[in-house]
Amino acid sequence: MTRRALILGGGTGGTLVANRLRRTQSASDLEIVVVDTDDRHLYQPGLLFIPFGLGSLEKITRSRREQLSAGISFRQDEVDRVETSTNQVHFVGGESLGYDVLVVASGCVLQPEETDGLTGPGWMERVFSFYSPEGAVALRDRLASFDAGRIVVNVVDLPIKCPVAPLEFCFLADWFFTKRGVRDQIEIVYVTPLDGAFTKPVAAKALAGLLDEKGIQLVTEFNTGEVDGLGGRLVAYDGSEQQFDLAVVVPLHGGAPFVGRSPGLGDELGFMVVDDHTLQSVASPNVFAIGDAAGVPASKAGSVAHFEGEVLVENLTRFLAGEALNASFDGHTNCFIETGFDKALLIDFNYDTEPLPGHYPAALGLPLLKESRLNHLGKLGFQWAYWHSLLPGRDIPGVGSEMPQRGKQLRSRS
Ligand SMILES: Cc1cc2nc3c(=O)[nH]c(=O)nc-3n(C[C@H](O)[C@H](O)[C@H](O)COP(=O)(O)OP(=O)(O)OC[C@H]3O[C@@H](n4cnc5c(N)ncnc54)[C@H](O)[C@@H]3O)c2cc1C
């Protein structure tokens, strides 16, 4: 009997899991269906570069359907809710589809309307977000003529996708305005709710040092409650304010709304409640999650979806065979951090080990927590690897699910 794997979301995680799974399971044993609302797959890390004229939406968008291997069905539809008691997914149009195993890969939604004033007067004129395609393009048009003033780059609250992207924005802004000869007329301020530049102490220190070197101010423990686009003010819950001429805001993130409408699946933010190591839902054993949709204590990053994918496909295969799951996902994350002037840092960490100096993936690899041109080339080359290795579900040599210890200057977590 042919069983059905239903994958909700055809972004990074959904696509790579479908392609990996197709390779391990024959079509006569398992039908694989990927659902998404549209046929536009966006390489989201490319959004960072658009405001600085270093890329275009056309260059980072491809057909979702075409990223799926032969033997995988694509259904363009919107999920309304999941009913785990009957193994059914209901779509907004009223149809439904049953499953034997379900993978929730529906990512995050941006919630700018949840912050007072953010989408009010000044939105997309003086207040922008490069986290959406239309925001990145509107910001590019504004930055092209911005010659003087105070720019604040603000993270409203965590979790967000790619927590280093707002820092990268600051570094690239420093480079962009220096190149245009107006840097000394522009103040760049990074405003974060955290108590440092980043969540993990060693990386936070290194990144704060870089901000300082580049003359970018760091404002910590600022919890934005309101954005006043007309008056040019961020107002925190404690009453403190940050003035701006231009604000670049990373809005609140939540899980896909259908998760919240599906009994038992999500947490209070709409992210899937799953085991941190097997990615299996606590609500139902034949339901799993991957990528940003998963409420695990790892970063919301494409690299995490990639590393989770290896473990998840093994667990889907084991589940279908009636075998015990493999609890080996260790929270492995790695991110290139673009620092401007053709340089980048690399960080690599997991649930237990914070980003540390050294080299990745071994003693002769890329430098960790250190600016280098090699890391910048790695960041630029990653788009090619995304379309040709990561999404097709091919293994990338030396880049595996388990975080490598070799090459790291190890110390225990403080
Ligand atoms: C500006 C920016 C920079 C980034 N830089 C990096 C980086 O340098 N490195 C890195 O590793 N990561 C980076 N990321 C993060 C990375 O892009 C995401 O973590 C990754 O794409 C997550 O994959 P996913 O499959 O979980 O979600 P997505 O790729 O977002 O896919 C989720 C899919 O689910 C679909 N969906 C949602 N709801 C429904 C529904 N009701 N019905 C049907 N379909 C639905 C959506 O349409 C979407 O296609 C960046 C992100 C941003 C925004």
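The structure contained in this document is the topic of the report that follows. (Residues numbered from 1 in each chain as written. Predicted model: local features only at pLDDT ≥ 70, side-chain atom pairs only at ≥ 80, totals over all residues. Heavy atoms only, no water.)

Here's the deal with the packing of helix α1 (residues 12-24) against helix α6 (residues 302-320)
Now for step 1: At their nearest, the axes of α1 and α6 sit 9 Å apart, and the two run at 35 degrees to each other. Between α1 and α6 lies a crossing whose hand is right-handed. Residues Thr12, Gly13, Leu16, Val17, Arg20, Leu21 and Thr24 of α1 lie in contact with α6, whose contacting residues are Gly302, Ala305, His306, Gly309, Glu310, Leu312, Val313, Leu316 and Thr317. (Axes fitted to C-alpha atoms, helices over the stretch in contact; angles between N-to-C directions. Helix = DSSP H or I, 4+ residues; strand = E, 2+ residues; numbered from the N terminus. Left-handed = near helix turned anticlockwise from the far one by under 90°. Contact = heavy atoms within 4.5 Å.)

Overview of the sheet that holds strand β7 (residues 88-91)
Now for step 1: Taken in spatial order, the 3 strands of this open sheet run β6-β7-β8, and their pairing is antiparallel. Whereas interior strands pair on both sides, the edge strands pair on one side only; in this sheet they are β6 (79-83) and β8 (96-98). Mean inter-strand twist for the sheet, computed between neighbouring axes without regard to direction, equals 20 degrees. (Pairing = 2+ DSSP bridges.)

Concerning the side chain of Lys161
Now for step 1: Residue placement: Lys161 occurs in the loop between β12 (149-155) and α3 (165-179).
Now for step 2: Those residues in contact with Lys161 that lie beyond four places of it in its chain are Gln44, Cys108, Leu110, Tyr131, His253, Asp292 and Lys300.

Considerations on the side chain of Ser299
Now for step 1: Secondary-structure assignment places Ser299 in the loop between β20 (287-289) and α6.
Now for step 2: According to the relative accessible area criterion, Ser299 is buried, its value standing at 17%.
Now for step 3: Apart from residues lying up to four places away in sequence, Ser299 is in contact with Pro163, Val304, Thr333 and Phe349. (Buried < 20%, exposed > 50% of the residue type's maximum accessible area, 1.4 Å probe, protein only.)

What about the pattern of salt bridges?
Now for step 1: In the structure shown here, the tally under the stated rule is 19 salt bridges.
Now for step 2: The partner of Glu31 in a salt bridge is Arg4, with the nearest N and O atoms 3.0 Å apart. Here the residue Glu31 occupies a position in strand β2 (residues 30-36), and Arg4 occupies one in strand β1 (residues 3-8), the gap between them amounting to 27 residues.
Now for step 3: By relative accessible area, which is 30% here, Glu31 ends up partly exposed.
Now for step 4: Since its relative accessible area comes to 22%, Arg4 is described here as partly exposed. (Salt bridge = Lys/Arg side-chain N within 4 Å of Asp/Glu carboxyl O.)

Points about α3
Now for step 1: The first and last C-alpha atoms of α3 sit 21 Å apart over 15 residues, in line with the 21 Å expected at 1.5 Å per residue.
Now for step 2: Across the 15 residues that make up α3, a large majority, 13, are buried.
Now for step 3: A positive phi of about 75 degrees marks Gly181, the residue just after α3. (Expected span 1.5 Å × (residues − 1).)

Here we look at the pairing of β1
Now for step 1: Summarising the sheet, β1 and β2 pair through 6 bridges and their orientation is parallel. In the strand pairing of β2, Arg3 is matched with Leu30.
Now for step 2: In this region the chain leaves β1, passes through α1 and returns to the parallel neighbour β2; the handedness of that crossover is right-handed.
Now for step 3: Where β1 meets strand β9 (residues 101-104), 4 bridges bridge the pair, whose relative direction is parallel. Paired with Ile7 across the bridge in β9 is Val103. (Right-handed = clockwise from strand over helix to strand, strands pointing away.)

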